Amino acid sequence: MRRFAIALNLLGKHPELPISESEFSTISKSLQDLNQLLLLEERFDLLAMNFLEFETLLTSRLLHFEHLGFVDGNHQMLVRRDANRVLMNVLTAARAYIDQLPQILNALFGKESAETNHCKSLLRKAYDERPGYRIFEALRNHTQHSGFPIHLTSYGTHMIGE
């Protein structure tokens, strides 16, 4: 006869809480679901942090230019290189999140569930209705198959009003 219990997985003797096979199955499924949700949250965090790094880089380079002016061509090359690196990270993280979201929903709710189909529908609608989504996707495809997303960086200043 199989025995089910909740216990600490440590060396030594520890108390156990006996449970039924049904309770064990429910707990196991819940842990699998929590792991899937954690993976999804980590993917989103990766995307958000990469985007924050991109914005931070651009802001810091702009402030550097505002205070010190144009340094030299080598500096511009380094700015472009760093901007390409962090933007490529954003594009890759976004694509990974979009690709894995339906897979995680399938794992949580069952293959081709109503939740998964609704999510896919929302993603298609966002793609159709938002030019930024389509531009982002085209830029990611260009980056993956052809080259860097940023070819030139330039700064300029001019007075706005008095």
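Residues numbered from 1 in each chain as written. Predicted model: local features only at pLDDT ≥ 70, side-chain atom pairs only at ≥ 80, totals over all residues. Heavy atoms only, no water.

**As for the overall build of the protein chain**
Within the protein chain, the secondary structure is distributed over four helices and two strands. Start at the N end of the protein chain and walk to the C end: the helices and strands fall as β-β-α-α-α-α. Rg of the C-alpha trace for the protein chain: 24 Å, well past the compact-globule value of 15 Å for 162 residues, more than 25% over. The dimensions of the protein chain, computed from C-alpha atoms along their principal axes, are 80 × 45 × 35 Å. When burial is assessed residue by residue, the protein chain has 24% of its 162 residues classed as buried. Taking the intrachain contacts of the protein chain between residues at least 6 apart in sequence as the baseline, contacts between residues at least 24 apart amount to 58%. Total accessible area on the protein chain stands at roughly 12100 Å², and carbon and sulfur atoms take up 60% of it. (Helix = DSSP H or I, 4+ residues; strand = E, 2+ residues; numbered from the N terminus. Rg over C-alpha atoms; globule rule 2.2 N^0.38 Å. Buried < 20%, exposed > 50% of the residue type's maximum accessible area, 1.4 Å probe, protein only. Contact = heavy atoms within 4.5 Å. Areas by Shrake-Rupley, 256 points an atom, 1.4 Å probe, with all protein chains shown as cover.)

**Some thoughts on the environment of Ala48**
Structurally, Ala48 can be placed in helix 1 (residues 21-68). Between the C-alpha atoms of Ala48 and Ala93, which are 45 residues apart in sequence, the distance is 8.8 Å.

**Quick look at the environment of Pro15**
Residue position: Pro15 is located in the loop between strand 1 (4-7) and strand 2 (16-19). Among the residues examined, Pro15 registers a relative accessible area of 68% and is labelled exposed. Each C-alpha atom, one on Pro15 and one on Leu105, is 36 Å from the other, the two residues being 90 residues apart in sequence. Leave out the neighbours within four places in its chain, and Pro15 touches Ile6 and Ala7.

**Some points on the nonpolar core**
With 11 residues, the main nonpolar core is built from Leu47, Phe54, Leu57, Ala83, Val86, Leu87, Val90, Leu91, Ala93, Ala94 and Ile150. Sort the elements by how many residues they give to this core and helix 2 (residues 73-109) lands first, with seven residues. Ignoring anything within four residues of it in the chain, the contact list for Leu57 reads Asp82, Ala83 and Val86. In terms of nonpolar packing, the next biggest core, distinct from the first, is built from seven residues, Tyr97, Leu101, Ile104 and Leu105 among them. (Core = buried A, V, L, I, M, F, W, Y, C linked by side-chain atoms within 4.5 Å.)

**Some details on helix 2**
With 37 residues, helix 2 extends 54 Å from end C-alpha to end C-alpha; this agrees with the ideal 54 Å at 1.5 Å per step. At Gln100, helix 2 shows its strongest bend, of approximately 30°, with the proline Pro102 following within four residues. Just beyond helix 2, the residue with positive phi is Gly110, at close to 105°. (Expected span 1.5 Å × (residues − 1). Bend = angle between axes of the 7 residues up to and from the residue.)

**Digging into the pattern of salt bridges**
On inspection of all chains with the given rule, the structure shows 10 salt bridges. The partner of Glu53 in a salt bridge is Arg85, with the nearest N and O atoms 3.3 Å apart. Placement of the pair is Glu53 in helix 1 and Arg85 in helix 2, with a sequence separation of 32 residues. One salt bridge in this structure joins Glu137 and Arg95, with 2.8 Å as the shortest N-O distance. Of the two residues, Glu137 is situated in helix 4 (residues 131-145) and Arg95 in helix 2; the sequence distance between them amounts to 42 residues. Among the ionic contacts, a cluster of salt bridges with common partners joins Arg95, Asp99, Glu137 and Arg140. (Salt bridge = Lys/Arg side-chain N within 4 Å of Asp/Glu carboxyl O.)

**A word on the packing of aromatic side chains**
All told, the structure shown has three aromatic pairs when counted by the stated rule. Taking the centre distance of 5.0 Å and the plane angle of 40° together, the rings of Phe4 and Phe24 count as tilted. Linking Phe4 in strand 1 with Phe24 in helix 1, this pair joins segments that are 20 residues apart in sequence. Judged by relative accessible area, which is 11%, Phe4 ranks as buried. By relative accessible area, Phe24 is classed as partly exposed at 37%. (Phe/Tyr/Trp six-rings, centres within 6.5 Å; stacked < 30°, edge-to-face > 60°.)

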